[in-house]
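# Topology and contacts: notes
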Amino acid sequence: MNSERQKPTNCLGIFWQKYLTVGLLSFAAASVISAQTDDYNNDDEVYELEAFEVTAGFAGSLAAAAEVKKTQPVIVEMIVAEDIGKLPDSSIAESLARLPGLTTQRINSRAQGIVIRGLEGDFSTGLLNGRQQVSTSGGRSVEFDQYPAELMSGVTVYKTTTPGLIGQGLAGTVNMMTVRPLSLDKRILATNVFFEKASMGKLNPDSSDSGMKYSINYADQFLDGTLGVAFGYSHTDQAGQGEQWEAWGYPETGDGDYVIGGAKPFVRSSELKRKTYMGVLEFRPNRWFHTTFDMFISDFEETQILRGLELPLQWSSAQLQPGYTVSDGLVTTGTFDNVFAVMRNDNVWRDADLSNFGWNMRLGDGSGWVFELDLSSSKMERQDNVLETYSGSGQNQVGRPDSLTFTMTDKGVRFSNILNYADPSVIKLASPQGWGGDQVPGGQMGFFKGPIAQDDLKQIRASVKHDYDGLFTQVEAGLAHTRRNKWEIDAGPGGLEGFFLALPNGAQSAELPASVGLTKLDFLGFGPMYSYDSRKLWEDGYYDLTPNSDISKAANNFDVTEKVTTFYLQANFEKETNSGKLISGNIGAQVVKSDQSSQGYSANGTSLVFVDNQHDYIDFVPSLNMIFNFSDTKKLRFSVARQLARQEMVDMRANSNYSFNESLYLSTDPQESPWSGYGGNTEIEPWRSNSYDLTYENYFEDGRGYWAFNGFLKDLVSYTYDQQLLSDFTGYDTNSDLTPAIYQGYRSSPVNGDGGKIWGLEATLSMPGEKLFDALEGFGIIVGASMTESEIETSPGNTQQIPGLSKWVVNTTVYYEKGGFSARLSSRYRSEYRGDISTFGPRGENYRELQPETVVDAQIGYAFAEGSKMEGLSVTLQAYNLTDEPLFGVDNGDSRLVRNYQLYGAQYSLGISYKFK
């Protein structure tokens, strides 16, 4: 199999190779270590700042973050915990989404994936204490809701890179940090409890609209401050509710007017349970030896109850009656007769376990040679279960149909119905549309699939560094080897996708199970709906199971292994100019050798062909960072680098589907080949970018607050999209007696193609109120705004915006903090963008044109003063999504063609925290 392999460099890359090679060869004999930008390697924690003493509280955390940002050798954004176990938000994702140039998309009411500079999560990398993390998602994007904020001491987002930053992303690199006990000056013991409430109430009768979370953090030192121990535990039980309109689409009538083709609206009740353990053991008996062991384990469970009506309309035997109303080419009101609605009682539940272990040893006191060894492991195991069960007014369109009058609104479609969907004498367990009749006589009564997945990453890293006098102050070198294996397979027989559900003894209908209550569908205009516990039916073995016999589904499974070996060399420099200004920075490169392989099957519905593909390649990844220090508070930063983002591993699978067209078996032209297919491509290589950054930062004299302005350009050498790839089908079964004239044909696969450009401007202001007027002491504001544009084609000739990119992102927080009282109001705005709204299980993509949104959050609290009887106690009230902002997607840029409209309501949280002295 051949692909159009993307060359590792363009003209600019060749220039960089020559330029940096000359500079780096002079240091080839020097020995060096891992990058100074790796937070987990630094002996100094972000709390140990020279400019001022950090005090607990939101303003103090902002000041600490600004001080660390100022001292970094690269362009970063920082979050520092207000106090032990207390980041500014309830989740890492919420906190990250407030940083300049970052935003998030809500999934099932909560922030999850992070978009950096218009590029969605697969273009960035998540680290924990400087070590790469696996993902519970189907791609590489880290789902940050796996990492509770209560166990983090801070987060660094690297927008530019250095050679020593292993596992860097193209958009950015997010490094989450846990506490280092030896950097604390006293024992810490803190705990908190929060009670949470969803404002929409119980949309499903057997759900919960409230929950709680609590955590405990402990850190102490022993053996005269040479042994440090830290432990944290976080427990979350969070309830969520939502109303979700989803249209099948909008076909045309015979007159060419758009009309609703069908719909699948439902209410969703979810419960998230997460138990997380964090542990750190740190030992530094003298200045020459320092070792640390880290542990982070998360047990994540999520359950969703989904109930509603699937309504086949224009795309079915239902008939649009004469007399409907048309406005500007859209049928806005009308009536469908002969509607057989499918009542859905669905359940989705996930169990995902994440475990991380790391050991680091450092030899040397920092004044000469320093050697370092780091071993780490990150592993994810996931089980998804997706259960659909059907009921309705009849089966196979035998029974009483409904008549639905509809009206288009800006939130979807509202209906007026005739049938009573809460009446068990009318509604039965049945297959109203006869779906799956080729698998189950009379039609399936539902479907179940249960994919399982594992993502296993192991890394070893060795490095050495040495300080020098002169222009180059430090030289570093290191070698890292990472092995990652990720696989996903459906739990059905033979790895095929799931089971069709049938009623016992071949029955075509049955009485409804015992009711758990009524589900309100008021947002659709319907009355209540009869609800039952479908998961209990499944677990009790009520249904007969017919395994899915479609062998082609085996092509959806994947098993991919990649081995990445990285050698890096970095020189830090510092030079004072004649005018007394200091220029500092670093220059260096990585040489990255990648070996990726995959095994699986090509399938055509009746036959399987084993495939085993492998590909290796080398990348040269140079970078230069320069800081012009006009003063201690005024800095101009410049960065140029080659950046990489590895492909989604599902796209690297060897698996594919294929077909053979008997009518073309005599053709000798590959363009008219009888062979065709679609699937993965083990030979795709990373997205590559030549990236440029220029930033000016101005920090206020007293160390609190700053403003910054940044411009960036990412010149993508390649962008990956599906193309027709000439492939060899030798050995594949034709399922006939025909002998084809050729065995070559085209298969649609992801391939490295032409790139494009993405560029933008970012501005940040963090200012305490007293900077303006003394009367505003205690007040403050943080504003981050970004404008991002792209010239990237998502496929040849397709100028559709790349997924995740909003042209405008504006994050604003206004706060007040004085005398123990604190208040904060935050808003997060993003303009329209293409987003993946898939929520049921890990596979598949479902992109929509999502409309602009502004999410507003608020927080108030009070911390009792030192010396009082309640010293150490604080009370906090938080509210998220105060204005009930919808997630709103349309078709063809027409706001009237509502494809998705999701409401989640507000989420309230009231809690107390106590820090023991």
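What counts and how
- Residues numbered from 1 in each chain as written.
- Predicted model: local features only at pLDDT ≥ 70, side-chain atom pairs only at ≥ 80, totals over all residues.
- Heavy atoms only, no water.
- Salt bridge = Lys/Arg side-chain N within 4 Å of Asp/Glu carboxyl O.
- Helix = DSSP H or I, 4+ residues; strand = E, 2+ residues; numbered from the N terminus.
- Buried < 20%, exposed > 50% of the residue type's maximum accessible area, 1.4 Å probe, protein only.
- Pairing = 2+ DSSP bridges.
- Patch = residues over 30% accessible without salt bridge, like charges linked within 9 Å, V, L, I, M, F, W, Y side chains within 5 Å.
- Areas by Shrake-Rupley, 256 points an atom, 1.4 Å probe, with all protein chains shown as cover.
- Lys, Arg positive; Asp, Glu negative; His and termini not counted.
- Contact = heavy atoms within 4.5 Å.
- Phe/Tyr/Trp six-rings, centres within 6.5 Å; stacked < 30°, edge-to-face > 60°.
- Lys NZ or Arg CZ within 6 Å of the ring centre and 35° of its normal.

## Notes on the pattern of salt bridges
- A full pass over the atoms with the stated rule returns 40 salt bridges.
- The partner of arginine 131 in a salt bridge is aspartate 374, and the shortest N-O contact between them spans 2.8 Å. With arginine 131 in strand 5 (residues 131-132) and aspartate 374 in strand 18 (residues 369-392), this residue pair connects regions lying 243 residues apart in the sequence. In this structure, arginine 131 and aspartate 374 share a single accessibility class: buried.

## A look at the sheet that holds strand 7 (residues 172-177)
- Across the sheet, which stays open at both edges, the five strands sit in the order 1-6-7-4-5 with mixed pairing between neighbours. Single-partner strands in this sheet number two, and they are strand 1 (76-80) and strand 5.
- Sheet topology note: the strand 6 (residues 154-158)/strand 7 ladder contains five bridges and is antiparallel. Counted as the bridge partner of threonine 156 is asparagine 175 from strand 7.

## Here's the deal with a nonpolar patch on the surface
- Together, Phe821, Ile860, Tyr862, Val875, Leu877, Leu910 and Ile912 make up an exposed nonpolar region whose accessible area comes to about 570 Å².
- Going through the elements one at a time, strand 45 (853-863), strand 46 (873-880) and strand 49 (907-916) are the ones with two or more residues in the nonpolar patch.
- Relative to the assigned elements, isoleucine 912 resides in strand 49.

## Details of the side chain of glutamate 246
- Inspection of the secondary structure puts glutamate 246 in strand 10 (residues 227-249).
- Buried charge glutamate 246 goes without a salt bridge, the closest partner of opposite sign being lysine 264 at 4.5 Å.
- Excluding anything up to four places from it in sequence, glutamate 246 contacts Ala263, Lys264, Pro265, Phe266, Asn846, Arg899 and Asn900.

## Some details on the environment of methionine 295
- If you trace the backbone, methionine 295 turns up in strand 13 (residues 289-312).
- What methionine 295 contacts, discounting residues up to four positions off in sequence, is Tyr277, Met278, Gly279, Asn356 and Phe357.

## A closer look at the packing of aromatic side chains
- All told, the structure shown has 32 aromatic pairs when counted by the stated rule.
- For the ring pair phenylalanine 123 and tryptophan 687, a centre distance of 4.3 Å and an interplane angle of 35 degrees mean the geometry is tilted. Here phenylalanine 123, found in the loop between strand 3 (110-116) and strand 4 (124-128), pairs with tryptophan 687, found in strand 37 (residues 687-699); they are 564 residues apart in sequence, far enough to count as distant.
- Taking relative accessible area as the criterion, phenylalanine 123 reaches 4% and is therefore assigned buried.
- Taken together, a centroid distance of 6.3 Å and an interplanar angle of 40 degrees make the contact between tryptophan 349 and phenylalanine 448 tilted. With a gap of 99 residues between them, tryptophan 349 in strand 17 (residues 342-363) and phenylalanine 448 in strand 24 (residues 446-449) connect regions that are remote in the sequence.
- Each member of the aromatic cluster is reached from another via a ring pair, and the members are Tyr658, Phe660, Trp675, Phe729, Tyr732 and Tyr743.
- Sitting above the plane of the phenylalanine 194 ring, lysine 213 keeps its charged end 5.5 Å from the centroid.
- The ring of tryptophan 349 carries arginine 535 above its face, with NZ or CZ at 4.1 Å from the centroid.

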